[in-house]
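Per-entry structural report
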Amino acid sequence: MAEKWVLTVTAQTPTNIAVIKYWGKRDENLILPINDSISVTLDPQHLCTTTSVAVSPAFTHDRMWLNGKEISLSGGRYQNCLRELRARASDVEDEEKGIKIAKKDWEKLHLHIASYNNFPTAAGLASSAAGFACLVFSLAKLMKVKEDHSKLSAIARQGSGSACRSLYGGFVKWIMGKEENGSDSIAVQLADEKHWDDLVIIIAVLSTVLVDIAQHPMIGIYDSVMNIQNLLLASVESFDINIEQQKVTVKGSVQPETVLQTVSKSGKATSFWEAVEAPAAPESKSAETLAALESKPTETPTEPESKHAEAPAELESKPAEAPIEPESKPAETPIEPESKPTEAPEPESKHAEAVGVA
Ligand SMILES: Nc1ncnc2c1ncn2[C@@H]1O[C@H](COP(=O)(O)OP(=O)(O)OP(=O)(O)O)[C@@H](O)[C@H]1O
Ligand SMILES: C[C@@](O)(CCOP(=O)(O)OP(=O)(O)O)CC(=O)O
């Protein structure tokens, strides 16, 4: 087997919001619920996970990066999903690239996974739902798993219960099932994404915006802050002014861009604060999205109108030849076959973590 190839798949999966909630488990390990639940899947244009999975003979162990930071895959939830998928993997061949993976090879081959949530992780917006659905879907594509979405939903369920519902768009029911092995605890689509097309779900995330306002001989920093407050009125909850650093922290459901424009109009030199640190993204397009969301946190929640696009979607499934340049495509860092196993990928540092005005 050649040592220098990498086969990748990238997929995108939306999150879902329960309208009849899953609340309580009868089996913690298999993640079996004590009731049926129903959710609505959001439009992946708004809240979604993008996951790139890669396999290469050069990889020495399974690794995963979540939002640019390496995380452990040793937990039972990840291990259960990986085991179930490997057991169902098929022969995969790409003649053009000279790649041939036999079904039995999947047990020995290692995976690198890079995943990005374009919305807050572990903050009550079901990142684990989008995340595990995307993980299972993209790996199933990579490994050519010949199972339908309902079977995949039972695998995703073992990562996080609500994840099983993110494999379908529209209105989705997770049937609790009765079997002890969980084989009938699956998701089914009740109505597709077009069923209730004008339904809009608004998620309001209150965030902090950092503003840097340069001193001006005529207008003090306090005046600038009052200017923002007057113009944005109720949206602004509070300010914190650091005269020495010329930094103002604005709290509330304000758009960073609006803050910037508001202060600019007062004639003050304004700009967003410098980048602090941001993680790598799974592909350059997602990196832009992420930068926008991370640096403008209040924009995240403003438009998650649910247009119920189909879920999930495979973005690309072309085999890629190693090595992949991590600089130009930050998200591909984790799938670079020559990366040293002990080294975590370097997050890109040019995206702002906070926002400011100068
Ligand atoms: N993109 C992802 N890929 C794989 N796993 C993910 C991903 N995003 C989140 N997770 C996993 O899900 C965990 C967060 O799940 P948790 O249930 O705490 O929060 P949530 O799903 O965002 O919120 P809630 O369940 O309250 O709606 C993370 O710690 C990680 O283990
Ligand atoms: C309250 C809920 O949002 C539950 C979310 O729980 P998770 O699916 O995140 O829990 P685990 O299965 O333990 O991973 C209700 C719901 O989505 O139905």
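For clarity, every value in this text was computed on a predicted model and none was experimentally measured.

**Things to note about the site of ligand 2**
Surveying the vicinity of ligand 2 reveals the residues Ala18, Lys21, Tyr22, Trp23, Lys25, Ile31, Arg77, Ser128, Ser160, Gly161, Ser162 and Arg165. Lys25 has a polar side-chain atom sitting 2.8 Å from an oxygen atom of ligand 2. Between ligand 2 and the protein, one listed contact pairs an oxygen atom with a side-chain N or O atom of Ser128 at 3.2 Å. About the coverage of ligand 2: the protein hides 77% of its 460 Å² of free accessible area.

**Observations concerning the confidence of the model for the chain**
When pLDDT is averaged across the chain, the result is 73; 58% of the residues are at 70 or more. Long-range and interchain partners of residues 215–219, a stretch whose pLDDT sits below 50, account for nine contacts in this model, where long-range means more than four residues apart. Counting interchain partners and residues more than four positions distant, the pLDDT-below-50 stretch residues 275–309 has 121 contacts.

**Description of the sheet that holds strand E13 (residues 187–191)**
One open sheet holds the four strands; their spatial order is E2-E5-E12-E13, and the pairing between them is antiparallel. Edge positions in the open sheet fall to strand E2 (16–20) and E13, since each of these has one partner strand only. Strand-to-strand twist in this sheet, taken as the mean axis angle between neighbours without regard to direction, amounts to 35°. Where strand E5 (residues 37–41) meets strand E12 (residues 171–174), four bridges bridge the pair, whose relative direction is antiparallel. Paired with Ser39 across the two strands is Val172, which belongs to E12.

**Considerations on the pairing of strand E6 (residues 48–56)**
Burial of E6 is extensive: nine of the nine residues sit out of reach of the surface. The alternating pattern of E6 places Cys48, Thr50, Ser52, Ala54 and Ser56 and Thr49, Thr51, Val53 and Val55 on opposite faces, both of which are buried. Sheet topology note: the strand E1 (residues 5–14)/E6 ladder contains eight bridges and is antiparallel. By the bridge assignment, Gln12 is partnered in E6 with Thr50. Across eight bridges, the pairing between E6 and strand E11 (residues 110–117) is antiparallel. Bridge pairing links Thr51 to Ser115 in E11.

**Regarding the pairing of E11**
Across the eight residues of E11, seven count as buried, placing the element largely inside the fold. Judged from the four bridges that link them, strand E7 (residues 63–66) and E11 form a sheet pairing that is parallel. Of the residues in E11, the one forming a bridge with Leu66 is Ser115.

**Observations regarding the packing of helix H2 (residues 127–142) against helix H3 (residues 149–157)**
A packed helix pair is summarised by two numbers, namely the angle formed by the two axes and the spacing between the axes. Axis separation between H2 and H3 bottoms out at 9 Å; the angle between their running directions is 125°. Judged on the interaxial angle alone, H3 and H2 are oblique. Between H2 and H3 the crossing geometry is right-handed. Between H2 and H3, the contacting residues are Phe132, Ala133, Val136, Phe137 and Ala140 on the first element and His149, Leu152, Ile155 and Ala156 on the second. Along the lines of polarity and charge, the residues of the contact of H2 with H3 split into eight nonpolar, one polar and no charged.

**Here's the deal with unusual backbone geometry**
Even without being glycine, Ala126 reaches a positive phi, approximately 60°. By the element assignment, Ala126 lies in the loop between E11 and H2.

**Looking at the site of ligand 1**
The full set close to ligand 1 counts 16 residues, and Tyr78, Ser115, Ala126, Ser127 and Ser128 are the nearest of them. One of the side-chain N or O atoms of Tyr78 is found 2.8 Å from a nitrogen atom in ligand 1. Out of a free accessible area of 640 Å², ligand 1 has 68% covered by protein chains. Sorting the residues of the shell around ligand 1 by element identifies E7, E11 and H2 as the ones contributing at least two each. Looking at the shell around ligand 1, the element that brings in the most residues is H2, giving four residues.

**Considering the pattern of salt bridges**
Inspection of every chain in the model, using the stated rule, returns eight salt bridges. Between Glu84 and Arg88 there is a salt bridge, with the nearest N and O atoms lying 2.9 Å from each other. One salt bridge in this structure joins Lys104 and Asp105, with 3.7 Å as the shortest N-O distance. Accessibility expressed as a relative area gives 9% for Asp105, which makes it buried.

The rules we used
Residues numbered from 1 in each chain as written. Chains lettered and ligands numbered in written order. Predicted model: local features only at pLDDT ≥ 70, side-chain atom pairs only at ≥ 80, totals over all residues. Heavy atoms only, no water. Near = heavy atom within 4 Å. Polar contact = N/O pair within 3.5 Å; in protein donor to acceptor, adjacent residues only side chain to side chain. Areas by Shrake-Rupley, 256 points an atom, 1.4 Å probe, with all protein chains shown as cover. pLDDT = per-residue confidence, 0-100. Contact = heavy atoms within 4.5 Å. Pairing = 2+ DSSP bridges. Helix = DSSP H or I, 4+ residues; strand = E, 2+ residues; numbered from the N terminus. Axes fitted to C-alpha atoms, helices over the stretch in contact; angles between N-to-C directions. Buried < 20%, exposed > 50% of the residue type's maximum accessible area, 1.4 Å probe, protein only. Parallel < 35°, antiparallel > 145°, perpendicular 65-115°, else oblique. Left-handed = near helix turned anticlockwise from the far one by under 90°. Nonpolar A, V, L, I, M, F, W, Y, C, P; charged D, E, K, R; others polar. Salt bridge = Lys/Arg side-chain N within 4 Å of Asp/Glu carboxyl O.

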